[in-house]
Amino acid sequence: MAGNGASCEQPQKRVGAKDKHNGNSTDSSIRERRQKDKEERLSLVLWRRPITTLHYFFLETLIKLKEWTLKLWRRRGTVLLFLVVSSIFSIAYSTEGTHQKYVQYLEKKFLWCAYWVGLGILSSVGLGTGLHTFLLYLGPHIASVTLAAYECGSTDFPEPPYPDQIVCPQGGGVEGSISLWSIMSKVRLEACMWGAGTAIGELPPYFMARAARQSGADPDDEDYEEFEEMLEQAETAQDFVTRAKLGVQNMVQRVGFFGILACASIPNPLFDLAGITCGHFLVPFWTFFGATLIGKAIIKMHIQKLFVIITFSKHIVEQMVSLIGSVPKVGPSLQKPFSEYLEAQRSKLHHAGEGTPAGENWLSWIFEKVVVVMVCYFVCSIVNSMAQSYAKRLQLQKHSEEKTK
């Protein structure tokens, strides 16, 4: 009996080992196929295959428009309510009366907030591949307000033309009346709206991972696949980047709301992983979004804002200019354009509207060109990404047809 039992167990083990071997070979072939498909998609960029990339981009755009139209049709009640409210505001906007000053004030504030929220979304969307709008827009805006506040001796910039143009108020302010708090209060709305936009930009990875986990299907996203591979290889991970990602994942998973809040409150390039982690472990939406919104729009935004204001405070700027001049050989040549730029800004603040020529400066010229290049690169990355998304659709369709044969 014992011998028969042993003989029965041995074939089972052999079959199990064989199945495991077949499973490993199947997984290996699938992994190789996915890697080959990924390399083929990544080669689909404007500077390598422009015609195919643009063709796929337009086809993917049509598919997305169709999907969004169907989603709006399913929520036609909400769309109808939105149209009714918009019609009421449109009638109020076009009808003359004493309410016009309030309508214009709300319009101005709404467009101003929407502008910064949009820039925040552009900054965080795409798992860190977005346009870095803090360096290009919000940071320079805070810096210009800081320099103007110290130069004018006041933050009471007349509206209009602020924020399109900063003009010192007539009579100026009291010397030494400017404080960090007054400058922070002046730019708080823009900074908080930008931070709220970055929080909104973290939602797509969360919803993608949550939907994939609830459906049980293979997610149509490489970032989620890399995340699951990282979880499988957690015990054997040795490199710093993987261990750092695992640290973020463990903090979010174990601490919950306060772990998400801690990761969102500090400049953290690995926070993109938090959205996927929260979606994968089915963290409630308001727990994730609430902690992200508080961390990014309030705590982190005040830290970044304080850093920029301190950096561009009057006495610190003067020290920076003097330090640049003390650099051997190249110092004086670099100090001159910086001094000219600051002097031009002071001249514009005190003589705005008088037709005083500000003079071109190579620093402002370079900054404008950097902004143009960054925006062009961002547009190209959107075109490439959508073209690669359509290519992935074709690959998935091809593999599904091969399975049915």
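Everything numeric in this text was worked out from a predicted model, so none of it was measured.

### A few points about the overall build of the chain
Part 1 of the argument: Regarding its fold elements, the chain presents 16 helices and zero strands.
Part 2 of the argument: Split into buried and exposed, the 405 residues of the chain put 31% on the buried side.
Part 3 of the argument: Restricting to contacts in the chain with at least 6 residues of sequence separation, those with at least 24 account for 70%.
Part 4 of the argument: A total of about 25,700 Å² of accessible surface is found on the chain, and carbon and sulfur atoms cover 63% of it.

### Things to note about the packing of aromatic side chains
Part 1 of the argument: Under the definition given, this model contains 14 aromatic pairs.
Part 2 of the argument: For the ring pair Trp-112 and Trp-116, a centre distance of 5.5 Å and an interplane angle of 90° mean the geometry is edge-to-face. Of the two residues, Trp-112 and Trp-116 both sit in helix H4 (residues 100–124), four residues apart, roughly one turn of that helix. There is no split in this pair, since Trp-112 and Trp-116 are both buried.
Part 3 of the argument: Measuring from centroid to centroid gives 5.6 Å for Phe-285 and Phe-289, while their planes differ by 10°, and the two rings are stacked.

### So, the pattern of salt bridges
Part 1 of the argument: Considering all chains together, one arrives at three salt bridges under this definition.
Part 2 of the argument: Residue Arg-393 is joined to Glu-60 by a salt bridge in which the shortest nitrogen-to-oxygen separation is 2.9 Å. Note that Arg-393 is positioned in helix H16 (residues 362–404) and Glu-60 in helix H2 (residues 50–74), a separation of 333 residues in sequence.
Part 3 of the argument: Owing to a relative accessible area of 1%, Glu-60 belongs among the buried residues under this scheme.
Part 4 of the argument: Notably, a salt bridge pairs Glu-202 with Lys-296, separated by 3.8 Å at the nearest N-O pair. Here Lys-296 lies in helix H13 (residues 285–311) and Glu-202 lies in the loop between helix H7 (188–201) and helix H8 (203–215), a separation of 94 residues in the sequence.
Part 5 of the argument: Each of Glu-60, Glu-67 and Arg-393 takes part in salt bridges that share partners, so that together they form one network.

### Details of the side chain of His-141
Part 1 of the argument: Mapped onto the elements, His-141 comes out in helix H5 (residues 133–152).
Part 2 of the argument: Classification of His-141 as buried rests on a relative accessible area of 10%.
Part 3 of the argument: Those residues in contact with His-141, other than ones at most four positions away along the chain, are Trp-112, Trp-116, Tyr-162, Pro-163, Val-187 and Glu-190.

### Overview of a nonpolar patch on the surface
Part 1 of the argument: Where nonpolar side chains cluster on the molecular surface, the patch consists of Ile-294, Ile-298, Ile-299 and Ile-303 and spans about 310 Å² of accessible area.
Part 2 of the argument: Along the chain, the position of Ile-299 falls in helix H13.

### A word on the confidence of the model for the chain
Part 1 of the argument: Residue-level pLDDT values for the chain average 76, and 73% of them are 70 or greater.
Part 2 of the argument: The low-confidence segment residues 1–18 (pLDDT under 50) makes zero contacts with residues lying over four places distant or belonging to another chain.
Part 3 of the argument: Low pLDDT, under 50, characterises residues 351–360; the stretch is placed with seven contacts to residues that sit more than four places away or in other chains.

### Looking at the packing of H7 against H13
Part 1 of the argument: Relative orientation of the contacting elements H7 and H13 amounts to 140°, with a least axis distance of 8 Å. One element, H7, and the other, H13, form an angle in the oblique class. Crossing of H7 over H13 shows right-handed handedness. Note on element contacts: H13 touches H7 through Phe-289, Thr-292, Leu-293, Lys-296, Ala-297, Met-301, His-302, Gln-304 and Lys-305, opposite Arg-188, Ala-191, Cys-192, Trp-194, Gly-195, Ala-196, Thr-198, Ala-199 and Ile-200.
Part 2 of the argument: Class assignment of the residues belonging to the contact of H7 with H13 gives a composition of ten nonpolar, five polar and three charged.

### Comments concerning the packing of helix H11 (residues 257–265) against H13
Part 1 of the argument: Here H11 crosses H13 at 35°, and the two axes come no closer than 7 Å. As for how H11 packs across H13, the hand of that crossing is right-handed. Residue-level contacts link Phe-257, Ile-260, Leu-261, Ala-264 and Ser-265 of H11 to Thr-287, Phe-288, Gly-290, Ala-291, Thr-292, Ile-294, Gly-295, Lys-296, Ile-299, Lys-300 and Ile-303 of H13.

### A look at H5
Part 1 of the argument: Its 20 residues give H5 an end-to-end C-alpha distance of 27 Å, which sits within 8% of 28 Å, the value for a rise of 1.5 Å per residue.
Part 2 of the argument: Along its length, H5 reaches its greatest deviation from straightness, about 35°, at Gly-139, and the proline Pro-140 lies no more than four positions downstream.
Part 3 of the argument: Within two residues after H5, Gly-153 carries a phi angle of roughly 75°, on the positive side.

### As for the nonpolar core
Proteins that are soluble and globular tend to have nonpolar side chains buried together.
Part 1 of the argument: Counting 24 residues, the largest nonpolar core has Leu-138, Val-145, Phe-157 and Trp-194 as the members making the most contacts within it.
Part 2 of the argument: Elements represented by at least two residues in this core include exactly H4, H5, helix H6 (180–186), H7 and H13.
Part 3 of the argument: Excluding its chain neighbours within four sequence positions, the residues that come into contact with Phe-157 are Val-145, Ala-148, Ala-149, Cys-152, Tyr-162, Ile-166, Val-167 and Lys-186.
Part 4 of the argument: One finds Leu-203, Tyr-206, Ala-274 and Cys-278 within the second-largest nonpolar core, a separate group that totals 13 residues.

### Things to note about the environment of Met-374
Part 1 of the argument: Within the secondary structure, Met-374 sits in helix H16.
Part 2 of the argument: Judged by relative accessible area, Met-374 falls into the partly exposed class, the value being 26%.

What counts and what doesn't
Residues numbered from 1 in each chain as written. Predicted model: local features only at pLDDT ≥ 70, side-chain atom pairs only at ≥ 80, totals over all residues. Heavy atoms only, no water. Helix = DSSP H or I, 4+ residues; strand = E, 2+ residues; numbered from the N terminus. Buried < 20%, exposed > 50% of the residue type's maximum accessible area, 1.4 Å probe, protein only. Contact = heavy atoms within 4.5 Å. Areas by Shrake-Rupley, 256 points an atom, 1.4 Å probe, with all protein chains shown as cover. Phe/Tyr/Trp six-rings, centres within 6.5 Å; stacked < 30°, edge-to-face > 60°. Salt bridge = Lys/Arg side-chain N within 4 Å of Asp/Glu carboxyl O. Patch = residues over 30% accessible without salt bridge, like charges linked within 9 Å, V, L, I, M, F, W, Y side chains within 5 Å. pLDDT = per-residue confidence, 0-100. Axes fitted to C-alpha atoms, helices over the stretch in contact; angles between N-to-C directions. Parallel < 35°, antiparallel > 145°, perpendicular 65-115°, else oblique. Left-handed = near helix turned anticlockwise from the far one by under 90°. Nonpolar A, V, L, I, M, F, W, Y, C, P; charged D, E, K, R; others polar. Expected span 1.5 Å × (residues − 1). Bend = angle between axes of the 7 residues up to and from the residue. Core = buried A, V, L, I, M, F, W, Y, C linked by side-chain atoms within 4.5 Å.

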